[in-house]
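# Tertiary structure, described
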Amino acid sequence: MELGISIYPGHSDQKKDVAYLKLASKYGCKHVFTCLLSVEGSREKIIHHFRESIAFAHSYDMQVMLDTAPSVFQALGASYGDLSFFKELGADGIRLDECFDSHKEAMMTYNPQGLTIEINAGFGDRYIDNIMCHHPKKDKLSTCFNFYPQRYTGISYDHFRKCAENIKAAGLPVSVFINSQEPDTFGPWQVNDGMCTLEMHRDLPADVAARHFFADGMVDTVIFANCYASEEEFQQVTAADPQVLSFRIEKEAELSQTEHKILFEASHFVRGDMSEYMVRSTQPRIAYASSSIPPQNTRDMVPGDVVILNDNYTRYKGELHIILKDLPNDGKKNVIGHIPENEKMLLNYLEPWRTFRFING
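What comes next concerns the included structure. Keep in mind it's a predicted model, so treat the numbers as computed, not measured.

Quick look at helix H2 (residues 43-59) now. An ideal rise of 1.5 Å per residue puts 24 Å on 17 residues; H2 measures up with 24 Å between its terminal C-alpha atoms. The largest bend along H2 measures about 25 degrees and falls at Phe50. Residues of H2 that are buried include every one of Ile46, Ile47, Phe50, Ser53, Ile54 and Ala57, and no others. Where H2 is buried, its residues contact helix H1 (14-26), strand E2 (31-35), strand E3 (63-68), helix H3 (70-76) and helix H4 (84-89). Once H2 ends, the next one or two residues include Asp61, with phi positive near 60 degrees.

Dropping the structure here:
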C-alpha cells in the first residue's frame, strides 16, 4: 500500500507546493496526482505552470500522473498516437478521466515515451474488460477512481467494491482518494465540499478513511485529493500498518496497568472458531494469567464495546473481546471502552484469524 498527494499548479503557489512535496516525501509518499482538466491557457502557459513542479516531485522520487480527457488532448494538440506533449511536461503517466473507445486506451500503453496509462476505475460497465480484450501492455496500465468535490455525489461502497473486484480480476492496480480535513483546503475546482472517492468518507478523519481502504484490501494507492494535508494527518495515516486491522478506542474507565498492556501491547487475532456474538482474542489470558484484573464498569454490552474478562472469570481472565451483538453482563467482563461511531464499519472486516490492534493515542 502506498500513499500519494495532489497538487494543482495554476491554482496554487509553487513555493507552497514544493514545501508540501517535501513534507509528503518525509512520510514516504511516492505518487503525485495533478489535473489538466481545470487549467486554461496556451501550451506554453501550461508548460510553465507544470514542468517545474513536476521536476520538484521527481527530485523527491515521486511519480506524477496528469489527469486528462479527450477534450484536453484536442486543446493541446495531443492524440492517442502521440503523447509526446505529456512527456514534455515531465509526467510519468496520464489518467484518462473519460473514455476513448477501449482500443485506443490499449494502444496508448505502447507509447514510445513509456508513459503509464491510468484508466478511470469507476465506470463499472465492463470498460476495463473491453480494454483488456485489446491486449494492452499490462505493466503500463493502471486504474484510479475519481474524487467528488460536490457533497452527496461520491460513489457508494457497493459500487466501489464491484468495480474494484473487476479491476483486480484483470490484475491491475487501484488508486483512490481521501480527504484532508484541514480548513481552507482546495482542489482544481471552485466547488469544494471535500474531495473523496467514497461519499461515506467525506467527513471522516483522513486516517479513518485510509484504514477503511487498508482493511478492505482492494486498494494499492491512497491519495490525498485536496491541498494541503497537515503533518498530523500524514503521521496518523502512516502510523497504521496496512496489513493489520486497527481501531481507535474511546475509553470508559481508568485502565489498570494489566488492562493497558492487554489492550495496547498484546498480540490480537480473531479465533478461528469465531462467534457471532463477539470477537475473542484469547492469547492475553495466557500471558497475563498471574495478573489481577479487578471488576469495574460491568454494564451490559452493545456492538463495538471492547471488554476484558476480569478476576471473576478465573480460567478466561484476561481475554479481550470486541462485542458484535447486544449482550447482558454477568459482572465478569470489564467494559473498558468502545470503537468510535465513525469506525464501526471496520467491524465488518473482523473475520477468523485476522490480526487486529488498537491505536494508543
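Attention shifts here to the packing of helix H7 (residues 157-169) against helix H8 (residues 206-216). Their axes nearest at 13 Å, the elements H7 and H8 cross at an angle of 45 degrees. As the angle between them shows, H7 and H8 are arranged oblique. Where H7 crosses over H8, the handedness of that crossing is right-handed. Facing Tyr157, Phe160 and Arg161 of H7, the residues of H8 in contact are His212, Phe213 and Asp216. Across the contact of H7 with H8, the residue classes tally to 3 nonpolar, 1 polar and 2 charged.

Let us look at the layout of surface pockets. Taken as a whole, the largest pocket holds about 340 Å³ of empty space. Every element with two or more residues in the lining of the largest pocket is listed here: E2, E3, strand E5 (116-120), strand E6 (141-144), strand E7 (174-178) and strand E8 (221-224).

Scanning the entire structure with this criterion turns up 0 disulfides. No disulfide involves Cys144; its sulfur sits 11 Å from that of Cys35, the nearest cysteine. Here Cys227 stays free of any disulfide, with the sulfur of Cys35 as its closest cysteine sulfur at 11 Å.

Below, the discussion takes up the packing of aromatic side chains. Scanning the model with the defined rule gives 19 aromatic pairs in all. Each ring, one from Phe160 and one from Phe213, has its centre 5.5 Å from the other, and the planes form 65 degrees; the classification is edge-to-face. Taken together, the residues span a long stretch of sequence, with Phe160 in helix H7 and Phe213 in helix H8 at a distance of 53 residues. Judged by relative accessible area, Phe213 falls into the buried class, the value being 1%. Grouped by ring-pair contacts, the aromatic residues Tyr20, Tyr27, Phe186, Phe224, Tyr228 and Phe234 constitute a single cluster.

This part is about helix H10 (residues 257-264). By the burial criterion, the buried members of H10 are Thr258, Glu259, Ile262, Leu263 and Phe264. Those residues of H10 that are buried lie in contact with strand E11 (268-269), helix H11 (283-287), strand E13 (305-309), strand E14 (320-323), strand E15 (333-338) and strand E16 (355-358).

So, on to the sheet that holds strand E9 (residues 245-247). A sheet is described by the order of its strands in space; here 3 strands give the open sequence E9-E16-E11, paired in mixed fashion. The sheet is open, and its two borders are formed by E9 and E11, each paired with just one other strand.

Bringing the nonpolar core into the picture now. In terms of nonpolar packing, the biggest core is built from 77 residues, with Phe86, Phe160 and Phe234 touching the most fellow members. Those residues in contact with Phe86, other than ones at most four positions away along the chain, are Leu36, Leu66, Thr68, Phe73, Leu76, Ala78, Ala91, Ile94 and Leu115. Within the second largest apolar cluster, 27 residues are counted, among which are Leu263, Val270, Val279 and Ile308.

It is worth spelling out the packing of H8 against helix H9 (residues 231-239) at this point. Contact pair H8 / H9: the axes reach a minimum separation of 9 Å and the direction vectors enclose 25 degrees. Taken together, H8 and H9 sit at an angle that is classed as roughly parallel. Here the hand of the crossing between H8 and H9 comes out right-handed. Counted together, Ala206, Asp207, Ala210 and Phe214 of H8 and Glu233, Gln236 and Val237 of H9 form the full contact between these two elements. Broken down by class, the residue content of the contact of H8 with H9 amounts to 4 nonpolar, 1 polar and 2 charged.

Calculation notes
Residues numbered from 1 in each chain as written. Predicted model: local features only at pLDDT ≥ 70, side-chain atom pairs only at ≥ 80, totals over all residues. Heavy atoms only, no water. Helix = DSSP H or I, 4+ residues; strand = E, 2+ residues; numbered from the N terminus. Expected span 1.5 Å × (residues − 1). Bend = angle between axes of the 7 residues up to and from the residue. Buried < 20%, exposed > 50% of the residue type's maximum accessible area, 1.4 Å probe, protein only. Contact = heavy atoms within 4.5 Å. Axes fitted to C-alpha atoms, helices over the stretch in contact; angles between N-to-C directions. Parallel < 35°, antiparallel > 145°, perpendicular 65-115°, else oblique. Left-handed = near helix turned anticlockwise from the far one by under 90°. Nonpolar A, V, L, I, M, F, W, Y, C, P; charged D, E, K, R; others polar. 1 Å grid on protein atoms, 1.4 Å probe; cavity = no way out; pocket = protein on both sides within 12 Å on 5 of 7 lines; lining within 4 Å. Points joined across faces, edges and corners; volume = space filled by probe spheres on them. Disulfide = S-S within 2.5 Å. Phe/Tyr/Trp six-rings, centres within 6.5 Å; stacked < 30°, edge-to-face > 60°. Pairing = 2+ DSSP bridges. Core = buried A, V, L, I, M, F, W, Y, C linked by side-chain atoms within 4.5 Å.

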